[in-house]
Amino acid sequence: VAKERGGARVQCFDAALRTRLLERISIAHDLRDCELRGELRVQYQPFFSTNGRALVGVEALVRWDHPTRGLVSPGEFIPVAEETGFIVPIGTWVLEESLRQLRCWLDELGDQDGFSIAVNLSSLQLQSPGIVTLVEEMLRRHRIPPHLLALELTESMVMNDAETSSGTLYQLRDLGVALAIDDFGTGYSSLAYLRQLPVNLLKIDRSFIDAMTDSARDRRVVAVISSLGHELGMKTIAEGIETEMQLELLRGMRCDLVQGFHLMRPSSPEVITEQLALAHQHQMQA
Ligand code: C2E
Ligand code: MG
Ligand code: MG
Ligand code: MG
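Residues numbered from 1 in each chain as written. Chains lettered and ligands numbered in written order. Predicted model: local features only at pLDDT ≥ 70, side-chain atom pairs only at ≥ 80, totals over all residues. Heavy atoms only, no water.

Looking at an unreviewed UniProt entry, one finds the protein named EAL domain-containing protein and attributed to Halochromatium salexigens.

## Some points on the overall build of the protein
Counting its secondary structure elements, the protein contains 12 helices and nine strands. The C-alpha radius of gyration computed for the protein amounts to 21 Å, which stays within 12% of the reference 19 Å derived for 286 residues, consistent with globular compactness. With respect to the three principal axes, the spread of C-alpha positions in the protein is 75 × 50 × 40 Å. Expressed as a percentage of the 286 residues in the protein, the buried residues total 43%. Summarising the internal contacts of the protein: among those between residues at least 6 apart in sequence, 67% fall at separations of at least 24. (Helix = DSSP H or I, 4+ residues; strand = E, 2+ residues; numbered from the N terminus. Rg over C-alpha atoms; globule rule 2.2 N^0.38 Å. Buried < 20%, exposed > 50% of the residue type's maximum accessible area, 1.4 Å probe, protein only. Contact = heavy atoms within 4.5 Å.)

## A look at the pattern of salt bridges
Evaluation of the coordinates by the stated rule reveals 13 salt bridges. In this structure, the salt-bridge partner of Asp107 is Arg103, at a minimum N-O distance of 3.0 Å. On the criterion of helical spacing, the pair formed by Asp107 and Arg103 is a turn pair, its members being four residues apart in helix H3 (residues 87-109). The class for Arg103 is buried, based on a relative accessible area of 10%. Here Glu152 makes a salt bridge to Lys203, at a shortest N to O gap of 2.8 Å. On the criterion of sequence distance, the pair formed by Glu152 in strand E5 (residues 149-154) and Lys203 in strand E7 (residues 201-204) is long-range, its members being 51 residues apart. (Salt bridge = Lys/Arg side-chain N within 4 Å of Asp/Glu carboxyl O.)

## Thoughts on helix H11 (residues 244-252)
Of all the positions in H11, only Gln246, Leu247 and Leu250 are classed as buried. Projection of H11 onto a plane perpendicular to its axis shows the buried side chains occupying an angular sector of 100°, all on one side. Packing partners of the buried residues in H11 comprise helix H9 (206-212), helix H10 (216-231), strand E8 (235-238) and strand E9 (257-258). Positioned one or two residues after H11, Arg254 has a phi angle of 60°, which is positive. (Arc of directions from axis to C-beta.)

## A word on the confidence of the model for the protein
Counting all residues, the mean pLDDT for the protein is 91, and 95% of those residues have values of 70 or more. Two numbers describe this predicted complex: its pTM, 0.93, and its ipTM, 0.98. (pLDDT = per-residue confidence, 0-100.)

## Some thoughts on the coordination of the magnesium ion (ligand 2)
Within the protein, the atoms that donate to the magnesium ion (ligand 2) are Glu59 (OE), Asn120 (OD1), Glu152 (OE) and Asp182 (OD), at distances of 2.0 to 2.3 Å. In the primary sequence, the donor residues of the magnesium ion (ligand 2) line up as E-x60-N-x31-E-x29-D. The metal-metal distance between the magnesium ion (ligand 2) and the magnesium ion (ligand 3) comes to 3.6 Å, with Asp182 coordinating both. Pair noted here: Glu59 is in strand E2 (residues 55-66) and Glu152 is in strand E5, with a separation of 93 residues, a long-range link. In this pair, the class of Glu59 matches that of Glu152, namely buried. (Donors = N, O, S within 2.8 Å, 3.2 Å for Na, K, Ca; no water.)

## Brief notes about the nonpolar core
Nonpolar side chains in soluble globular proteins tend to be buried together. One finds Leu31, Trp105, Leu149, Leu151 and Leu250 to be the most contacted residues of the largest nonpolar core, which totals 75 residues. Take this core: its biggest share by element is nine residues, from H3. Within the second largest apolar cluster, seven residues are counted, among which are Ala150, Ala180, Leu201 and Leu257. (Core = buried A, V, L, I, M, F, W, Y, C linked by side-chain atoms within 4.5 Å.)

## Some words on the coordination of the magnesium ion (ligand 3)
Tetrahedral coordination by four donors sets the ideal angle at the metal to 109.5 degrees; octahedral coordination by six donors sets it to 90 or 180 degrees. Surrounding the magnesium ion (ligand 3) are the protein donor atoms Asp182 (OD) and Glu239 (OE), which sit 1.9 to 2.0 Å from the metal. Given a relative accessible area of 7%, Asp182 falls into the buried group.

## What to know about the layout of surface pockets
Approximately 910 Å³ is the volume attributed to the largest pocket. Within the lining of the largest pocket, the residues separate by chemical class into 15 nonpolar, 12 polar and 10 charged. One number sums up the size of the second largest pocket: a volume of about 280 Å³. What lines the second largest pocket is a set of 18 residues, and nearest its centre among them are Phe47, Val56, Ser116, Leu201 and Leu257. Only strand E4 (116-120), E5, E7 and E8 provide two or more residues apiece to the lining of the second largest pocket. The class makeup of the residues in the lining of the second largest pocket is 11 nonpolar, four polar and three charged. (1 Å grid on protein atoms, 1.4 Å probe; cavity = no way out; pocket = protein on both sides within 12 Å on 5 of 7 lines; lining within 4 Å. Points joined across faces, edges and corners; volume = space filled by probe spheres on them. Nonpolar A, V, L, I, M, F, W, Y, C, P; charged D, E, K, R; others polar.)

## Examining a nonpolar patch on the surface
Together, Leu21, Leu22 and Ile25 make up a nonpolar patch on the protein surface, roughly 300 Å² of accessible area in all. Relative to the helices and strands, Leu21 resides in helix H1 (residues 2-31). (Patch = residues over 30% accessible without salt bridge, like charges linked within 9 Å, V, L, I, M, F, W, Y side chains within 5 Å. Areas by Shrake-Rupley, 256 points an atom, 1.4 Å probe, with all protein chains shown as cover.)

## Quick notes on helix H12 (residues 269-285)
Since the α-helix packs 3.6 residues into each turn, any two residues three or four apart lie on the same face. Relative to the 24 Å expected for 17 residues at 1.5 Å per residue, H12 spans 24 Å between its end C-alpha atoms, a close match to the ideal helical length. Taken residue by residue, H12 has Pro269, Ile272, Thr273 and Leu276 as its buried positions. Taken down its axis, H12 places every buried residue within 100° of arc, on the same side. Across H12 from its buried face, at more than 90 degrees, point the exposed residues Glu270, Glu274, His282 and Gln285. Those residues of H12 that are buried are in contact with strand E1 (40-49), E2 and H3. (Expected span 1.5 Å × (residues − 1).)

Structure, rendered in C-alpha cells:
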C-alpha cells in the first residue's frame, strides 16, 4: 500500500512538474518580441525620505499585459526572460520607457530637486556588450542628468561575476549614474569586496523588514546592515514597509529611505504625476 501511495505521489509530482514546465514554455513562446508588440507596462513605486516622508524618487517595475492572461507580474516572467535571453530587449525597453517618463515629469513639474528613478538591471544586461554606451546614449537623448538614474543590481549578481562586472560598474559610475545593491542580505557578500565596489545605495531586503516587528534580534540585524552601509559611505533604503511600526523602527535606525505598500504601492504614471504635483504645491507653500 505504501509503495502504491508513494507511486501515486511521484506521479502527482510529475504531473505538477509537467504542468509547470509547459507553462514556462508557453510563457517563453509568448514573451518573444513582447516589447515590440507594445505589451509591456511600467508601474512606479515611490521611495521617501524616512524622516520628512518627502517623495525622493520612484522605482520602475515592469508588468506584462498578456493578450489572454492579463497583467503578468515580473515574478512569473522575469525568470523565463532571463533563461531565454529575452530579458535584454525587455530591459532595454524598460530603461528607455523609464527615462522617457522621467523626462515628462521633469518637464511638467519643473526640475524637482533630485527627483530620481531606479531601474532594475538583470545580470545578462550588465554583461551585454555596449551596456555602458547604451545607458549613456539614452541619458543624453532624454536629457536626463546621470545622477537622477539609479541602477539596481542584486547582491548575488554583483558578487558572482565580480571580475567581469566590476569594470562595467566603474564605467557606469564614471558616467555619473548611481548604483544600488538590491535585496541586500539575501546573498553572500564579501565585505572586503563590497568595500571596493562603486555602490551608492544599499537596499535592505524585505525579508528583514518583515521579521523586524516580532524579533529584537532581527531589529538588530537591520540596524547593523544600516550602519554597515553608512560606514561604507552608502545610503540605505528599506524595502517592503507594510506597517507604521516598521517605519518608526527604521527612523530610529537612521535608515535614509523607505519604500513599501504602507507608504505607496507601485502605481501608474498618472498617479505618480498627481503625487508629484501635490509635493510641488507643498514645497511652494512652505
Ligand atoms: P525588487 O526590485 O526587489 O522590487 C520590489 C518588489 O517588492 C516589487 O514586486 C514590489 O511590488 C514589491 N513590494 C514593494 N513594497 C512591498 C511591500 O510593502 N510588501 C510586499 N509584500 N511587497 C512589496 P514586483 O513588482 O512584483 O517585482 C518583483 C521583482 O521583479 C523585483 O524585485 C525585481 O527583482 C524584478 N523586476 C521588476 N521589474 C524589473 C525589470 O524591469 N527588470 C528586471 N531585470 N527585473 C525586474
Ligand atoms: Mg529593485
Ligand atoms: Mg528590492
Ligand atoms: Mg526584493
